[in-house]
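# Survey of secondary and tertiary structure
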Amino acid sequence: MAEPKPLEVTQQDIDKAEEIKKDANKLFAEHHYQQAIDRYTDAIGYNPNVPQYYANRAFACIKIELYGQALQDADEAIKLDPTYTKGYYRRAMAQMALNHLADAIKDFRQVVKLDQKVFLKYLLECEKEKKARDFADAIAFDEVKESVLKRLGDIDSIVVEDSYQGPRFQDTVDLQFCKDLLVWFKDQKKLHRKYTLQIMRQALEIFNAQPALVDIDIPKGSKLTVCGDIHGQFYDLLYVLETNGLPSPENMYLWNGDFVDRGSFSVECILTLLSFKCLYPQAVYLSRGNHETDDMNRTYGFEGEVKAKYTELVFKFFSELFNAVPLANLIGRPDQERILVIHGGLFSRDDVTLDEIRKIDRFRQPGSQGIMTELLWSDPQPQLGRAPSKRGVGLQFGPDVTEKFCALNKLKMIIRSHEVKDQGYEVMHNGKCVTIFSAPNYCDSVNNLAAYIHVDSDLNVQYHQYRAVPHPNVPPMKYASSLFGGLA
């Protein structure tokens, strides 16, 4: 059977599509990626026969982590023109972002056939990365499954050199140490390995004792600040702590995942949060995000950063610690309609209960499916029902899904993060689903505001926005493999 011919369009349609494409390209250059996607979609509506429109939209999707949609667009570009180099290149980049390196290598090989001089280096780097990961996975499989702490030895006996002038503590973290730590990190100095490991050990003990879903009661006269993704942007985190106040029993905090990756001060961010968690375990809370996982840390820089600032074994300790971070936090008392805080979103089933979330075996990598993965990866959509995720992992869920989930579990609303928003937050699903994102000018390129939410003891919420602050001249993804630099 013959292939159907491409849709015929008029010259007027062609000219209009080109005009819109120029507008989309301008929006992309100004880092307005979602608006660029919308305009590329408009151009495709006038002329769906141009591979470049799909490849350009795929590139914009990659910039805001819609890797599943990018794969579909690259597929369409290749279908329209099997010799179109950028189609294969965009698809390879999306496959890499999803850690599908074998598939990425296939596409890079096709790219090299079409334009060897320009793209050979990408193929070689991707093959090298896959070999390194295969080797690491083989070693990990053969390792005895025991706590990294045993392999680290007696960390309390580590000698702190006289030349070290940084923050110190005896036995346990105190408030002065936390204050000194912020100043030390602001000056781009490294915390001594001994104190880093002691903080991680104490935090791990706290997390290990908690269920997958943690209950948070806000006392009268106190408030809880809920922050979304911070992604290694330490100087923006410092701004929040300076303007909103340091954590305390009266000034509680909940950081909702994606503490690390992309930003090149991820070590400073996570050690700051862990230090305050150790200081005030009943006033500081964390939820795990999809970037607190090995695959994402390999791709987006945290693994490389920890190895550069400490050692590979310290990174493995972080991996173990991230496995222990709770998946969800439930704000409010049992007599209230409470607020559930999760990093990603809701589920492929309507009957998921809070008790089921509470019982998730979280001490592992999340995998590619199941309610743990959906909780970390899913996104809301304005349409009713469910749809495949544009990210390639998890799903999209509509207002009816949110309504049923909240009714079943007697919730006022859900707060989630996971998506950059131009205004720093977005209220959806008749007020029952709120996205909060706390990394302003994400990756030094998106020009978005950031926000956090104040929640009082009566579960009233207030939104607060802020802009990015200056930071040292250290680019995002500095510690990632050069292969993945295009994902920033």
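Before going into details, it helps to say that this report is about the structure given with it. (Residues numbered from 1 in each chain as written. Predicted model: local features only at pLDDT ≥ 70, side-chain atom pairs only at ≥ 80, totals over all residues. Heavy atoms only, no water.)

### Quick word on the overall build of the protein chain
As a reminder of what qualifies: Helix and strand definitions here come from DSSP, where helices need a minimum of 4 consecutive H or I residues and strands a minimum of 2 consecutive E residues; each element is numbered from the N-terminal end. As a reference, a globule follows 2.2 Å times the number of residues to the power 0.38, and the radius of gyration itself is taken over C-alpha atoms. Note on exposure labels: buried denotes an accessible area under 20% of the residue type's maximum, exposed denotes more than 50%, and partly exposed covers the range between, all computed with a 1.4 Å probe on protein chains only. Residues are treated as being in contact if the distance between any of their heavy atoms lies within 4.5 Å. Accessible surface is estimated by sampling points in the Shrake-Rupley manner with a 1.4 Å probe; for residues, cover comes only from the protein chains shown.
Along the protein chain, the regular secondary structure elements total 18 helices and 14 strands. By the compact-globule yardstick of 23 Å for 488 residues, the protein chain fits well, its C-alpha radius of gyration being 23 Å. Counting only C-alpha atoms, the protein chain reaches 75 × 50 × 40 Å along its principal axes. Across the 488 residues of the protein chain, 57% fall into the buried class. When contacts within the protein chain are restricted to residue pairs at least 6 apart in sequence, those whose partners lie at least 24 apart make up 70%. Looking at the protein chain as shown, the accessible area adds up to about 21000 Å², and 50% of this sits on carbon and sulfur atoms.

### Concerning the sheet that holds strand β8 (residues 386–388)
Our working definition: Whether two strands pair comes down to DSSP finding at least two bridges between them.
Spatially, the three strands line up as an open sheet ordered β7-β9-β8, and their pairing is mixed. Of all the strands in the sheet, just β7 (379–380) and β8 have a single pairing partner and so form its edges. Two elements, β8 and strand β9 (residues 395–397), share three bridges in a ladder whose sense is antiparallel. Along β9, the bridge assignment pairs Pro-388 with Leu-395.

### A look at the sheet that holds strand β13 (residues 450–456)
For clarity, the cut-off: Here an axis means a line fitted to C-alpha atoms, over the contact stretch when the element is a helix, while the angle between two N-to-C directions is reported on a 0 to 180 degree scale.
Ordered by their spatial adjacency, five strands build an open sheet running β4-β3-β2-β13-β14, and the pairing between neighbours is mixed. Edge positions in the sheet fall to β4 (284–286) and β14 (461–466), since each has one partner strand and no second. Ignoring strand direction, the axes of neighbouring strands in this sheet form an average angle of 20°. In the sheet, β13 pairs with β14 via six bridges, with the strands oriented antiparallel.

### Some thoughts on the environment of Lys-150
Take Lys-150: it is sitting in helix α8 (residues 148–152). Remark: the alpha-carbon pair of Lys-150 and Gly-289, spanning 139 residues in sequence, is separated by 26 Å.

### A look at the nonpolar core
Quick reminder of the rule: Definition of nonpolar core: a set of buried residues of the types Ala, Val, Leu, Ile, Met, Phe, Trp, Tyr and Cys, connected through side-chain atoms within 4.5 Å.
In terms of nonpolar packing, the biggest core is built from 82 residues, with Leu-191, Trp-255, Leu-274, Phe-318 and Ile-331 touching the most fellow members. The element that contributes the greatest number of residues to this core is helix α12 (residues 266–279), accounting for nine residues. Residues in contact with Leu-191, not counting those within four places in the same chain, are Tyr-164, Pro-167, Phe-177, Leu-181, Trp-184, Phe-185, Thr-196, Ile-199, Leu-271 and Tyr-310. Formed by 72 residues, the second largest nonpolar core is a distinct cluster that contains Tyr-89, Ile-342, Ile-414 and Cys-433.

### Section: the pairing of strand β3 (residues 251–255)
Convention followed: Throughout, right-handed denotes a crossover for which the path from the first strand over the helix to the second runs clockwise when the strands point away from the viewer.
Burial analysis of β3 places five of its five residues in the buried class, which makes it a mostly covered element. Side chains of β3 alternate between two faces, with Asn-251, Tyr-253 and Trp-255 and Met-252 and Leu-254 buried alike. The pairing of strand β2 (residues 223–227) with β3 spans five bridges and is parallel. By the bridge assignment, Thr-225 is partnered in β3 with Tyr-253. Handedness of the crossover is the feature at issue here: the chain leaves β2, passes through helix α11 (residues 234–244), returns alongside β3, and the resulting connection is right-handed. The pairing of β3 with β4 spans three bridges and is parallel. Its bridge partner lying in β4, Trp-255 is registered against Leu-286. Note on the crossover from β3 through α12 to β4: the handedness is right-handed.

### Quick look at the packing of helix α4 (residues 67–80) against helix α5 (residues 85–97)
Rule in force here: Roughly parallel means an angle under 35 degrees; roughly antiparallel means over 145; roughly perpendicular covers 65 to 115; every other angle is labelled oblique. What makes a crossing left-handed is the near helix being turned counterclockwise from the far one by less than a right angle; a clockwise turn instead makes it right-handed.
One can describe the packing of α4 onto α5 by two numbers: an axis separation of 8 Å at closest approach and a directional angle of 155°. In terms of orientation, α4 lies roughly antiparallel with respect to α5. In this structure, α4 meets α5 at a crossing whose hand is left-handed. In this structure, α4 contributes Tyr-67, Ala-70, Leu-71, Ala-74, Asp-75, Ala-77 and Ile-78 to the contact, and α5 contributes Gly-87, Tyr-88, Arg-90, Arg-91, Ala-94, Gln-95 and Ala-97.

### Focus: the layout of surface pockets
Filter applied, for reference: Definitions used for this entry: grid spacing 1 Å over protein atoms alone; cavity, a set of points where a 1.4 Å probe fits but cannot get out; pocket, an open set with protein on both sides within 12 Å along at least 5 of 7 lines; lining residue, one with an atom within 4 Å of a point. Grid points are joined across faces, edges and corners, and a volume is the space filled by probe spheres set on the points. Classification convention: Asp, Glu, Lys, Arg as charged; Ala, Val, Leu, Ile, Met, Phe, Trp, Tyr, Cys, Pro as nonpolar; all other residues, Gly among them, as polar.
As a volume, the second largest pocket reaches approximately 850 Å³. Along its surface, the second largest pocket is lined by 38 residues, and Gln-34, Ile-64, Leu-66, Glu-419 and Lys-421 are the ones closest to its centre. Among the elements that line the lining of the second largest pocket, the one with the most residues is helix α2 (residues 33–46), at seven residues. Tallied by class, residues from the lining of the second largest pocket come to 12 nonpolar, 13 polar and 13 charged.

### Examining α4
Definition in use: Under the convention used throughout, the expected extent of a helix is 1.5 Å for every residue step, that is, one less than its residue count.
Over its 14 residues, α4 extends 20 Å from the first C-alpha to the last, a length consistent with the 20 Å expected when each residue adds 1.5 Å. Every buried residue of α4 is listed here: Tyr-67, Gly-68, Gln-69, Ala-70, Leu-71, Asp-73, Ala-74, Ala-77 and Ile-78. Where α4 is buried, its residues touch α3 (51–63), α5 and α13 (294–300).

### Observations concerning empty space enclosed by the protein
Tallied over the full model, the rule gives two cavities of 30 Å³ or more. Approximately 30 Å³ is the volume attributed to the second largest cavity. Surrounding the second largest cavity, Leu-346, Phe-347, Arg-349, Asp-350, Arg-386, Val-401 and Phe-405 form its lining. The residue makeup of the lining of the second largest cavity, split by class, is four nonpolar, no polar and three charged.

### Details of unusual backbone geometry
One non-glycine residue, Asn-441, lies in positive phi territory at about 45°. Its location among the elements puts Asn-441 in the loop between β12 (433–436) and β13. Even without being a glycine, Asn-447 presents a positive backbone phi close to 65°. Along the chain, Asn-447 turns up in the loop between β12 and β13.

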